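# Coordinate inspection notes
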Amino acid sequence: MLAVTYPELNQPVMGQQPEQAPPAFHLLAKPTGAACNLDCAYCFFLEKEVFYPGSKFRMSELVLEQYIRQLIESHQTKSVNIAWQGGEPTLMGLGFYRRTIDLVEKYRRPGMTFLHTMQTNGTLLDDEWGEFFAQHNFLIGISIDGPQPLHDIYRVDKGGGPTFDKVMRGLRVLQKHGVDFNVLTTVNRVNADFPLEVYRFLRDEAGATWMQFIPVVERINADGLTLYQQGTSVSERSVLPQQFGRFLCTIFDEWVRHDAGTIFVQTFEATLRNWLGLGASGMCVFNETCGAGLAIEHNGDLYSCDHFVEPDFLLGNIQKRHMIELVSSPAQIKFGQDKRDTLPEYCRECDVRFACHGECPKNRFILTPDGEPDLNYLCAGFKEFFHHVAFPMKIMAGLIRRGRDAKEVMPALERIFADVPRNDPCPCGSGRKYKQCHGRAPARPELMAMPESQARSKLARNGA
Ligand code: SF4
Ligand code: SF4
């Protein structure tokens with residue numbers, strides 16, 4: 001690595017990047033730190049307030065300008081992603097983001113393009129936000145956990161009240177102004193039992209064409225909190241491994257028969273990319289190594305990853321060291337390579353390792369059947385999912401390699417699965433009966449309109 005220093009942090013550094021510097025990377029900025037107007041029960045970030053005692057949790061003008069300038073300087077690519085998250089980033093107010101646009105104009109190099117993204121709970125959006133997002137081509141991620149009874153179980157306001165109506169109002173603002181949006185659904189112990197209800201709601205009522213499903217895995221620390229990625233037990237809100245596998249399999253079966261090519265589910269897209277052997281899946285968790293998705297706090301502190309905003313993973317502060325030095329530091333490179341280098345043998349010999357790669361290190365805290373540490377808590381679910389989708393994935397990968405459209409998988413599967421007797425072996429070759437494999441009965445559509453009281457009693461049964 002070159003010995004590079006930045007004595008004048010206000011001087012551009014193009015052409016001076018450290019040897020190990022990645023040409024591009026992804027940085028989630030948290031301008032309000034952990035501050036949020038909601039109080040979602042499973043939020044892993046609200047507790048992080050303790051790392052900044054006395055802070056007002058607002059990114060200052062000085063930090064904002066250094067952040068934008070260094071982000072642009074650090075990129076060797078023409079395109080740069082400027083990503084806002086929280087806490088709740090809209091609490092900064094529109095003026096903050098208008099200033100961001102001005103700063104991008106001030107520091108951009110000729111020919112550069114910018115993708116502005118924001119992950120928000122959507123509750124504070126109004127027409128002014130909608131117009132601004134549309135004008136600057138923002139891509140907005142809306143956090144929503146499914147239809148109202150499922151969403152309102154955990155996604156509540158500071159008084160414990162429901163938020164579903166406010167989120168939907170925000171989502172309609174985005175649609176009214178033609179803003180690109182996707183939905184981020186956290187999969188927890190309750191909504192995981194209702195995969196089709198969640199998926200069909202997002203597709204048919206929310207009108208989403210891009211979906212992310214993120215498993216809730218909250219590790220309980222020795223003091224009972226969930227502040228650190230430590231501990232081997234999980235909260236009662238955390239999704240169960242097999243439950244998560246079934247959730248993904250059920251949605252996949254609906255998607256692959258009806259929606260391939262029109263609805264995009266991030267996990268399925270990443271899986272297909274790995275089946276094609278493209279090298280990068282598009283999701284850090286399913287890549288061999290990681291480390292190119294960092295997080296920056298409101299005061300300029302840069303952390304290895306959004307899920308590791310804790311002192312041991314603090315790389316430094318961009319007001320003291322240039323961002324690109326921190327991004328390409330030995331500590332960060334080791335962080336990313338450890339994803340591969342610390343895999344237990346059980347994973348190294350796994351037949352779906354090429355698709356899973358042990359998923360995220362934050363979830364690796366159980367023992368393998370041989371007693372080796374660091375197996376992923378969700379392993380059983382991932383194994384089920386990747387085996388279940390293998391047959392359609394092979395078909396889609398084959399279609400793409402022949403220059404055809406992957407959505408041709410839908411009529412192909414219809415032909416293959418037509419008239420298979422339920423007790424016959426599944427044509428996918430799994431060795432299981434058709435009725436226990438790809439002919440498994442779909443989930444219960446009558447639960448689409450599950451009343452909140454039922455959802456809450458189910459929650460109580462689960463001990464949450
Ligand atoms: S630790 Fe997990 S979430 Fe963070 S970059 Fe690595 S794989 Fe992604
Ligand atoms: S499915 Fe399980 S064993 Fe296989 S790579 Fe993933 S976590 Fe490891």
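Here the structure is a predicted model, which is why all the values come from computation and not from measurement. (Residues numbered from 1 in each chain as written. Chains lettered and ligands numbered in written order. Predicted model: local features only at pLDDT ≥ 70, side-chain atom pairs only at ≥ 80, totals over all residues.)

### A few points about the overall build of the protein
If you tally the helices and strands in the protein, you get 16 helices and 14 strands. Taking 464 residues into account, the globule formula puts the C-alpha radius of gyration at 23 Å, and the protein, at 23 Å, falls close to it. Dimensions of the protein along its principal axes, counting C-alpha atoms only, are 75 × 50 × 50 Å. In the protein, buried positions account for 45% of the 464 residues. Nonlocal contacts in the protein, meaning residues at least 24 apart in sequence, comprise 68% of its contacts between residues at least 6 apart. (Helix = DSSP H or I, 4+ residues; strand = E, 2+ residues; numbered from the N terminus. Rg over C-alpha atoms; globule rule 2.2 N^0.38 Å. Buried ≥ 20, exposed ≤ 12 C-beta atoms within 10 Å, placed from the backbone. Contact = placed C-beta atoms within 7 Å.)

### Some thoughts on the packing of helix α14 (residues 390–401) against helix α15 (residues 409–417)
Two elements in contact, α14 and α15, have axes separated by 10 Å at closest approach and are oriented at 135°. With respect to α15, the axis of α14 lies oblique. For the pair α14 and α15, the crossing hand works out as right-handed. Counted together, Pro392, Ile395, Met396 and Leu399 of α14 and Val409, Ala412 and Leu413 of α15 form the full contact between these two elements. Of the residues assigned to the contact of α14 with α15, the class counts are 7 nonpolar, no polar and no charged. (Axes fitted to C-alpha atoms, helices over the stretch in contact; angles between N-to-C directions. Parallel < 35°, antiparallel > 145°, perpendicular 65-115°, else oblique. Left-handed = near helix turned anticlockwise from the far one by under 90°. Nonpolar A, V, L, I, M, F, W, Y, C, P; charged D, E, K, R; others polar.)

### Some thoughts on the site of ligand 2
Ligand 2 sits among Tyr346, Cys347, Cys350, Val352, Arg353, Cys356, Gly358, Glu359, Asn376, Cys379, Phe382 and Lys383. Among the elements of the structure, α11 (345–348), α12 (353–356) and α13 (379–388) are those that each provide at least two residues to the shell around ligand 2. Take the shell around ligand 2: its biggest share by element is 3 residues, from α13. Classifying every residue of the shell around ligand 2 gives 7 nonpolar, 2 polar and 3 charged. (Near = placed C-beta within 6 Å.)

### Quick notes on the sheet that holds strand β6 (residues 210–215)
A sheet is described by the order of its strands in space; here 10 strands give the open sequence β9-β6-β5-β4-β3-β2-β1-β10-β11-β12, paired in mixed fashion. Among the strands making up the open sheet, the edge pair consists of β9 (264–265) and β12 (314–317). Strand direction decides the pairing type here: β6 and β9, joined by 2 bridges, are parallel. The residue of β9 that forms the bridge with Met211 is Val265. Where helix α1 (residues 61–74) meets the sheet, it contacts β1 (26–29), β2 (79–84) and β10 (293–296), and its direction lies at approximately 150° from that of β2. (Pairing = 2+ DSSP bridges.)

### Quick notes on the site of ligand 1
In the region of ligand 1, the neighbouring residues are Cys284, Val285, Cys290, Gly293, Cys305, His307, Lys339, Cys360, Pro361 and Lys362. Residue composition of the shell around ligand 1, grouped by class: 6 nonpolar, 2 polar and 2 charged.

### A look at unusual backbone geometry
The step from Gly86 to Gly87 runs through a cis peptide bond, and the omega angle for that step is 10°. Within the secondary structure layout, Gly87 lies in the loop between β2 and α2 (94–107). Although it is not a glycine, Asn137 sits at a positive phi angle of roughly 55°. Along the polypeptide, Asn137 turns up in the loop between α3 (127–135) and β4 (139–143). The phi angle at Asp419 is positive, at roughly 60°, despite the residue not being glycine. Looking at the secondary structure, you find Asp419 in the loop between α15 and α16 (452–461).

### Quick word on α1
Between its first and last C-alpha atoms α1 spans 20 Å; for 14 residues at 1.5 Å apiece the expected length is 20 Å, and the two agree. Here α1 lies mainly inside the structure; 11 of its 14 residues are buried. Turning to α1, its buried residues are Val63, Leu64, Gln66, Tyr67, Ile68, Arg69, Gln70, Leu71, Ile72, Glu73 and Ser74. (Expected span 1.5 Å × (residues − 1).)

### Observations concerning the environment of Gly300
Of note, Gly300 is situated in the loop between β10 and β11 (301–303). Between the alpha carbons of Gly300 and Asn317 there is a distance of 5.2 Å; along the sequence they are 17 residues apart. Non-local contacts of Gly300, meaning those with residues more than four positions away in its chain, are made with Val63, Gln66, Tyr67, Asn317, Ile318 and Gln319.

### Here we look at the packing of helix α8 (residues 266–275) against α14
Interaxial distance between α8 and α14 falls to 9 Å at its minimum, and their mutual angle equals 65°. One element, α8, and the other, α14, form an angle in the roughly perpendicular class. Crossing of α8 against α14: the hand is right-handed. Contacts between α8 and α14 involve Thr271, Leu272 and Trp275 from the former and Met393, Met396 and Ala397 from the latter.

### Structural notes on α3
Taken together, the buried positions of α3 are occupied by Trp129, Gly130 and Phe133. The arc enclosing the buried residues of α3, seen along the axis, measures out at 100°, which places them on a common side. For α3, the exposed residues set more than 90 degrees away from the buried face come down to Asp127, Glu128 and Gln135. Of the surrounding elements, those touching the buried residues of α3 are α2, β4 and α5 (164–176). Looking one or two places after α3, you find Asn137, whose phi comes out positive at around 55°. (Arc of directions from axis to C-beta.)

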